[in-house]
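These are the residues of each chain, in order.
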Amino acid sequence: MSHDSDVPRTAEQVAAFMDGLSFEAPPGPQEEQALLDSLPPAGSSVMVVRSLRLPAELDEAVAVAAKAAEVPKTAWIRQAIEMALAVQAEDDQPISRAEALRALTLLRPARHVA
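Residues numbered from 1 in each chain as written. Predicted model: local features only at pLDDT ≥ 70, side-chain atom pairs only at ≥ 80, totals over all residues. Heavy atoms only, no water.

Overview of the overall build of the protein
The condition is simple: Strands here mean DSSP runs of E at least two residues long; helices mean DSSP runs of H or I at least four residues long; both are numbered from the N terminus. Classification of residues uses two cut-offs on accessible area relative to the type maximum, computed with a 1.4 Å probe and protein chains only: under 20% is buried, over 50% is exposed, and between them is partly exposed. In this description, accessible areas are obtained by the Shrake-Rupley approach with a 1.4 Å probe, and a residue is regarded as covered only by the protein chains that are shown.
Helix and strand counts for the protein come out as five helices and zero strands. Helices and strands in the protein line up, N terminus first, as α-α-α-α-α. The buried share of the protein, reckoned over its 114 residues, is 3%. Of the roughly 11000 Å² of accessible surface on the protein, a fraction of 59% belongs to carbon and sulfur atoms.

Following this line, the structure appears as structure tokens:
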């Protein structure tokens, strides 16, 4: 029933609707075990879907960043959240790859002493 016109309004309509329903017997023990076996193992990583609203400009910036990183937008957002949580948890400040490479280019090569 997806429209108000589909909603039964009289006792006769309710009876007709109820007569049209069919019920399935619950699964037997073997079917139940097969269903339980199809579930992910306890303690395994289960992905949870979250919905969030982003301003159009932020969504576009995420799309550009994800494309540059060659990952889907959802993966890029997940990585950004993981980085933010790591900073919060460890008092560590992550830096971009570009900043790390820039810092490494400033290092002098080690001189070998014989």
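On we go.
Considering the pattern of salt bridges
Should the charged atoms of two oppositely charged side chains come close, the side chains can pair. Convention followed: By definition here, a salt bridge exists when the distance from a side-chain nitrogen of Lys or Arg to a carboxyl oxygen of Asp or Glu is within 4 Å.
Tallied over the full model, the rule gives one salt bridge. Between Lys73 and Asp59 there is a salt bridge whose closest N-O contact spans 3.1 Å. Of the two residues, Lys73 is situated in helix α4 (residues 73–90) and Asp59 in helix α3 (residues 56–69); the sequence distance between them amounts to 14 residues.

Focus on the layout of surface pockets
Stated precisely, the cut-off is as follows: Whether a set of points on the 1 Å grid over the protein atoms alone is a cavity depends on a 1.4 Å probe fitting there but being unable to get out, while an open set qualifies as a pocket with protein on both sides within 12 Å along at least five of seven lines; lining residues are those with an atom within 4 Å of a point. Grid points are joined across faces, edges and corners, and a volume is the space filled by probe spheres set on the points. In this count, Pro and Cys sit with the nonpolar residues alongside Ala, Val, Leu, Ile, Met, Phe, Trp and Tyr, while Asp, Glu, Lys and Arg are called charged and the others, Gly among them, polar.
Its volume calculated, the largest pocket comes out at about 430 Å³. Taken together, 13 residues make up the lining of the largest pocket; nearest its centre are Val48, Arg50, Thr74, Arg78 and Ile81. Grouping the amino acids of the lining of the largest pocket by side-chain chemistry returns nine nonpolar, one polar and three charged. Lining the second largest pocket, in full, are Ala65, Ala68, Ala69, Trp76, Gln79, Ala80, Met83, Ile95, Ser96 and Arg97. Listing elements by their share of the lining of the second largest pocket, those giving two or more residues are α3 and α4. If you tally residues by element for the lining of the second largest pocket, the top one is α4, at four residues. The residue makeup of the lining of the second largest pocket, split by class, is seven nonpolar, two polar and one charged.

Re unusual backbone geometry
Even without a glycine there, the phi angle at Glu70 is positive, about 60°. In this fold, Glu70 is placed in the loop between α3 and α4. With relative accessibility at 74%, the residue Glu70 sits in the exposed group.

With respect to the confidence of the model for the protein
Defined as follows: Values of pLDDT, which run from 0 to 100, indicate the predictor's confidence residue by residue.
Averaged over all residues, the pLDDT of the protein is 85; the fraction at 70 or higher stands at 89%. Averaged pLDDT values for the elements of the protein fall to 85 in helix α5 (residues 97–105) and rise to 95 in α3.

Points about α3
Keep this limit in mind: Expected helix span is given by 1.5 Å per residue-to-residue step, counting one fewer step than there are residues.
Between its terminal C-alpha atoms α3 stretches 20 Å, which fits the 20 Å expected from 14 residues at 1.5 Å a residue. Phi turns positive one or two residues past the end of α3, at Glu70, with a value near 60°.

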